Amino acid sequence: MSTDCCLPTEEEEETGRGGAALAASADSSAVIILSSCGSVRFGSGIRTSRPNPSLLFLSMAFITANWNPLGDAFYRKTELYEMFWSLRDGLGDSLVAAAPYGGPIALLREPLRRSTSSRPQLDIYSASGVSITSFPWKSGPVVHLGWSVNDELLCVQEDGTVLIYDLFGTFKRHFSMGQEVVQSQVLEAKVFHSPYGTGVAIVTGSSRFTLATNIEDLKLRRLPEVPGLQGKPSCWVVLTQDRQTKVLVSSGAELYVLDNTSCTAVYPPGLSPQAGSIVHMAVSFSYKYLALFTEAGHLWTGLSNLQERLSEVDIKRTAPPTQMVWCRRPRSQQPSVVLMWDRLLLVVGACNDTIQFPMEERSVLVGELDGVRIIAPCSQELLQEVPLVCQDIFKIASMAPGALLLEAHREYEKSSQKADEYLREIKEQDVLGDAVRQCVEAAAHEYDPDTQKALMRAASFGKCFLTDFSPEQFVVTCRELRVLNAVRDSSVGMPLTHTQFKQMTLQVLIDRLVYRQFYPLTMEVCRYLKIPDYQGVSRVLKHWASCKVQQKDLTDEAIARAVCSKVGDCPGVSYSDIAAKAYECGRPELAIKLLDYEARSGEQVPLLLKMKRSQLALSKAVESGDTDLVYTVVTYLKNEMNRGDFFMTLRNQPVALSLYRQVGSAEPEGVGGPGW
Amino acid sequence: MAAHLSYGRVNLNILREAARKELREFLDKCAGTKAIVWDEYLTGPFGLIAQYSLLKEHEVEKMFTLKGGRLPPADVKNIIFFVRPRLELMDIIAENIFSEDKMHPARDFHILFVPRRSMLCEQRLKEQGVLGSFVNIDEYILDLIPFDGDLLSMEYESAFRECYLENDQTSLYHTAKGLMTLQALYGTIPQIFGKGDCARHVANMMLRMKREFAGIQNQILPVFDTLLLLDRNVDLLTPLATQLTYEGLIDEIYGIHNGYVKLPPEKFAQKKQGEGSKDLPTEPKKLQLNSAEELYAEIRDKNFNAVGAALSKKAKIISAAFEERHNAKTVGEIKQFVSQLPHMQAARSSLANHTSIAELVKDITTSEAFFDNLTVEQEFMTGVDTDKVNTYIEDSIAQKDPLIKILRLVCMQSVCNNGLKQKVLDYYKREILQTYGYEHILTLSNLEKAGLLKPQTASRNNYPTIRKTLKLWMEDANEQNPNDISYVYSGYAPLSIRLTQVLARPGWRSIEEVLKMLPGPHFEERQQLPSGLHKKRQQGENRTTLVFFLGGVTYAEIAALRFLSQMEDSGMEYIIATTKLINGTNWMKSLMDRPQSQTS
């Protein structure tokens with residue numbers, strides 16, 4: 001904060017205080033910030049003609065109201081949704097799995113109930129709590145739920161069977177974590193994401209760990225025994241390092257790293273001897289950082305390769321937390337660990353600073369790339385470190401270029417000449433370009449559309465005074481924000497932050513939207529972002545059509561018509577793929593109707609052969625003019641049909657017949673020759 | 001090396017470069033030293049795409065011809081077979097591989113199918129049990145090979161036979177694919193015209209393939225305005241007639257293969273001074289004929305009767321240019337003269353070559369036999385006595401002249417009479433079979449199937465109508481300074497070229513009646529261009545038409561099209577593409593059964 005910021009005029013000072021009072025009433029923690037900032041500001045000298053940053057403070061008070069200082073950074077907790085669901089018993093005694101990147105939430109009540117009379121219910125909700133599906137759980141007791149990277153639900157049963165369901169509760173397949181598990185039972189399981197895909201790790205009743213690093217390509221690895229471990233370990237995590245998957249397990253006072261072949265005892269560097277044994281641990285989203293919680297209430301943080309310590313904080317609470325999650329963001333200033341107890345949420349930074357939030361109900365923490373989502377029975381919040389650029393702009397009495405530009409624009413809207421003063425101030429320092437960039441960047445990080453708009457308008461206003469400023473970033477951000485706001489809408493329920501969006505890429509977002517069958521929205525997104533057809537609209541239509549052909553309540557005719565009218569000549573949509581899907585669903589007639597629209601005969605023919613429509617396949621092959629394709633069909637027919645039928649078929653296709661005669665004449669006599 | 005390809009209206013070098021690039025990519029796929037085993041037929045066309053130097057740059061150390069038995073030894077890492085997708089070739093390859101394995105440590109085998117891989121061939125290799133020996137099985141899509149600045153050919157020898165006799169439309173598929181490649185490089189061709197069943201088929205396939213590629217819109221400004229697809233069987237007459245242009249005659253007499261002609265060496269040996277006639281070269285003289293040679297470009301399309309004059313004029317210019325050295329006084333003038341010397345010397349040797357060729361050709365054209373033959377041809381074309389047995393043909397058979405000559409004349413008579421009377425036909429057939437042997441009954445049957453030789457049906461002879469409407473016979477053809485395409489046959493204007501000419505102006509609508517008489521449908525298709533690619537035509541800018549002859553084209557027809565391109569008021573330039581460059585002789589051969597036994 002610059003010390004040369006000036007004293008406000010009387011009038012403004014009043015409004016400024018009014019703002020402070022307002023903020024104070026909004027959140028008690030905000031008062032601290034206000035008072036500390038205030039002291040600096042009021043203590044500085046008077047220079048009347050300079051623009052006045054205190055006004056920023058007035059309007060931005062609302063934005064900084066939920067900011068909490070942690071070290072030299074700020075943390076904010078933003079409400080994402082009021083949940084649509086109505087949970088009768090809260091989240092207690094349920095298994096909850098929520099996928100990162102604003103993924104779906106799965107909820108299984110009383111997972112271990114064994115009575116057959118009342119089965120537990122498995123519910124799948126969108127992140128905003130809109131029910132996607134709900135069905136009674138008929139299989140065995142479930143130990144753990146988790147989501148794969150493809151938004152598939154993995155249910156790990158006590159007997160080591162892993163059942164895979166899609167987002168809509170359709171059973172896909174299952175696999176087992178090994179035969180020996182059936183007797184020893186799964187005590188605990190974890191679903192993790194590795195560079196290879198989604199993995200599952202379990203610990204069995206005989207205290208052995210089994211890993212599958214990629215469920216798509218299942219290879220079970222039984223890890224070596226942990227010395228002295230009996231029953232359930234006090235805590236363990238899966239680490240992915242150097243393309244290797246390891247398990248870090250705490251057994252008694254010892255800490256072991258288990259890899260494929262060995263079990264090595266490790267010692268976190270700098271962990272104080274009085275800390276005691278480790279009772280809870282957490283790895284960061286990127287698997288780079290590790291947090292250990294000890295018996296004596298010490299929180300150790302460091303690199304997950306256990307080479308370096310970041311900090312050790314005495315929390316002064318010995319009860320192990322119910323959940324512990326890292327909260328950081330790319331280029332984090334002040335990474336922290338979030339610990340949750342029944343009534344308390346504690347954010348502990350590496351600088352020993354803490355923030356406390358009271359908790360009313362049992363909640364679930366979901367670690368994200370740039371924060372932590374807190375899912376409570378009736379609301380969902382995002383806890384994250386305030387990005388630096390937002391701090392620069394909104395921090396009380398900030399003199400950052402972006403902050404001044406925002407203020408200038410606000411004055412301009414009020415038709416006040418002060419806009420000019422602010423603008424001059426920025427231009428004098430020759431930082432208008434930076435100011436615009438700051439505003440645009442900050443807008444991307446804001447969740448509230450009004451704030452986004454205010455920042456974007458300011459950026460656009462500032463852009464007018466620049467001659468050769470590339471509008472690229474501005475335009476791209478505008479578009480992306482519109483898309484993000486659309487998918488954040490509670491009816492869609494994907495609370496993606498801009499950072500997450502960038503990380504997951506647009507392609508993946510489109511895939512996920514399509515997967516959730518938000519077809520119209522996805523089409524709009526593709527068109528709005530002007531994605532080339534074959535990457536955007538075509539993919540959506542293809543998925544839509546494959547989904548459409550599965551609708552049992554419509555006639556073949558109606559579906560074919562609907563598909564054709566929508567898909568039309570859309571490039572890159574393969575009718576044969578759709579037809580293949582229809583055929584899979586047991587609708588060969590529909591498949592044939594759809595195949596008629598396929599332009600590429602090379603694609604039509606194999607499916608027709610598969611459907612045993614050999615006559616049609618032959619005539620399509622002849623139509624295509626590709627003689628090789630005709631030969632393919634002829635060879636196939638020769639093997640499939642009896643002689644008589646084969647020749648009768650050929651009789652009707654003179655082109656095929658003459659081709660066959662040529663092959664026949666070129667073939668050595670007697671070896672499958674046509675025999676004339 | 002291939003500069004002459006880029007002089008024309010359309011830079012065909014782009015196509016050649018694209019083909020070369022693909023070849024290089026394939027060669028680089030096989031790391032290490034290589035030996036190429038050639039399907040002999042492919043070496044000619046490949047020579048037009050890539051010289052040995054290019055192959056050498058990519059570590060090709062040895063080249064062999066594909067034949068049975070054991071491969072010659074070569075210390076290389078890779079053996080690459082360059083083959084057409086033919087079953088008989090697969091058997092040879094299998095034989096090669098079987099005898100190979102025992103004697104050498106592992107060498108990598110690759111197959112490159114030209115122009116397209118075929119399931120059937122792979123199946124055959126599998127049956128032979130050698131499919132697994134190949135590291136790479138690839139295809140090298142070489143459909144249209146640039147021959148000259150305005151000429152593309154697929155060199156697909158059997159195209160006509162396959163299409164019209166065997167009902168095998170593979171060549172048409174390749175044609176359509178080739179045209180798609182061409183469009184990918186030179187932009188979508190907005191208008192397609194066509195005449196004939198095969199043309200219709202190719203156009204259908206093109207439109208279908210375009211739909212398949214839908215979405216990947218071609219953003220190249222179209223170079224061609226129109227595509228004209230012509231079936232060879234629309235105009236069967238033209239290839240039967242003896243070509244009378246310089247290039248056409250060279251082809252008729254000596255045969256031009258892939259741009260090269262082999263000539264008897266005697267005439268050329270004498271040119272060398274001081275060596276005397278002691279060691280006459282026995283090897284035939286091989287000459288490359290294309291528009292890179294200035295003089296040849298000038299005279300190739302002239303009627304042979306005008307070639308002599310052109311050559312003597314050229315001789316005068318060259319000697320005048322050499323005389324200039326006497327006028328060169330100052331050092332600067334001499335320097336300028338010397339700088340022109342290489343060019344002048346090249347021109348002089350080129351003049352010498354062509355004078356020799358012209359002499360060779362003239363020996364034949366002035367012979368009585370040639371004259372008699374031509375007279376009969378022209379009688380047929382003008383419709384004189386086409387319904388009777390021709391005495392000249394009768395005599396020729398009696399003298400056992402080459403069968404192909406007889407067949408050409410008989411077919412010509414049949415075509416010009418819209419079929420022969422049954423009595424006449426039977427007479428000819430009997431004469432031929434009794435003189436040349438009964439095995440030729442298959443050939444005659446082939447000719448009948450192809451429509452070249454047929455009995456007259458009830459309908460009346462419509463050839464005179466076609467001839468009159470399209471002005472196929474011009475009495476006063478000017479051979480020296482032509483004003484009409486009829487000069488290429490000294491009177492007969494090729495039907496195919498007349499169709500092309502009428503299409504450009506005034507349009508086919510004016511000759512609907514005639515078009516109906518010719519076999520196969522005629523049609524017009526339009527291909528939608530992406531917006532923004534519509535050409536804005538400058539005043540006086542010529543339109544470009546690609547004329548594709550399905551089943552072959554003769555040099556005389558090419559000459560006629562070039563003549564049309566050069567005509568000042570035609571407003572149209574033509575690029576010619578075909579499945580194969582033909583003349584009456586090799587065309588007949590391709591239609592004969594078991595052609596190998598008939599070659600002498």
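Residues numbered from 1 in each chain as written. Chains lettered and ligands numbered in written order. Predicted model: local features only at pLDDT ≥ 70, side-chain atom pairs only at ≥ 80, totals over all residues. Heavy atoms only, no water.

Concerning unusual backbone geometry
Stage number 1. Residues valine 114 of chain B and proline 115 of chain B are joined by a peptide bond in cis, for which omega reads 0°.
Stage number 2. Relative to the assigned elements, proline 115 of chain B resides in the loop between β4 (108-113) and α5 (119-128).
Stage number 3. One non-glycine residue, asparagine 352 of chain A, adopts positive backbone phi at about 75°.
Stage number 4. With respect to the helices and strands, the residue asparagine 352 of chain A is situated in the loop between β25 (344-349) and β26 (354-358).
Stage number 5. One non-glycine residue, lysine 471 of chain B, lies in positive phi territory at about 50°.
Stage number 6. Along the chain, lysine 471 of chain B falls in the loop between α20 (463-469) and α21 (495-504). (Helix = DSSP H or I, 4+ residues; strand = E, 2+ residues; numbered from the N terminus.)

Things to note about the nonpolar core
Stage number 1. The biggest cluster of nonpolar side chains holds 167 residues, and the ones touching the most others in it are Phe82, Leu229, Leu452 and Leu499 of chain B.
Stage number 2. Ranked by residue count, the leading element in this core is helix α17 (residues 403-416) of chain B, at 10 residues.
Stage number 3. Core analysis: the next-biggest nonpolar cluster, separate from the first, contains 88 residues, Leu529, Val540, Tyr575 and Leu609 of chain A among them. (Core = buried A, V, L, I, M, F, W, Y, C linked by side-chain atoms within 4.5 Å. Buried < 20%, exposed > 50% of the residue type's maximum accessible area, 1.4 Å probe, protein only.)

Quick word on the pairing of strand β15 (residues 572-578) of chain B
Residue and element names in this part refer to chain B.
Stage number 1. Burial analysis of β15 places 6 of its 7 residues in the buried class, which makes it a mostly covered element.
Stage number 2. Bridging between strand β7 (residues 151-153) and β15 involves 3 bridges; their strand directions are parallel. Across the sheet, serine 153 pairs through a bridge with threonine 578, a residue of β15.
Stage number 3. As judged from the 7 bridges shared by strand β14 (residues 543-550) and β15, these two strands associate in the parallel manner. Paired with arginine 543 across the two strands is methionine 572, which belongs to β15.
Stage number 4. As a crossover connection, the stretch from β14 through helix α23 (residues 555-566) into β15 is right-handed. (Pairing = 2+ DSSP bridges. Right-handed = clockwise from strand over helix to strand, strands pointing away.)

Concerning the sheet that holds strand β22 (residues 309-314) of chain A
All names here are of chain A.
Stage number 1. Spatially, the 4 strands line up as an open sheet ordered β19-β20-β21-β22, and their pairing is antiparallel. One side of each edge strand has no neighbouring strand; the edge strands of this open sheet are β19 (278-283) and β22. Strand-to-strand, the axes of this sheet are offset by a mean angle of 15°, without reference to chain direction.
Stage number 2. As defined by bridge partners, β19 adjoins strand β20 (residues 289-294) across 5 bridges and the pair is classed as antiparallel. Looking across to β20, one finds that alanine 282 is bridged to alanine 291. (Axes fitted to C-alpha atoms, helices over the stretch in contact; angles between N-to-C directions.)

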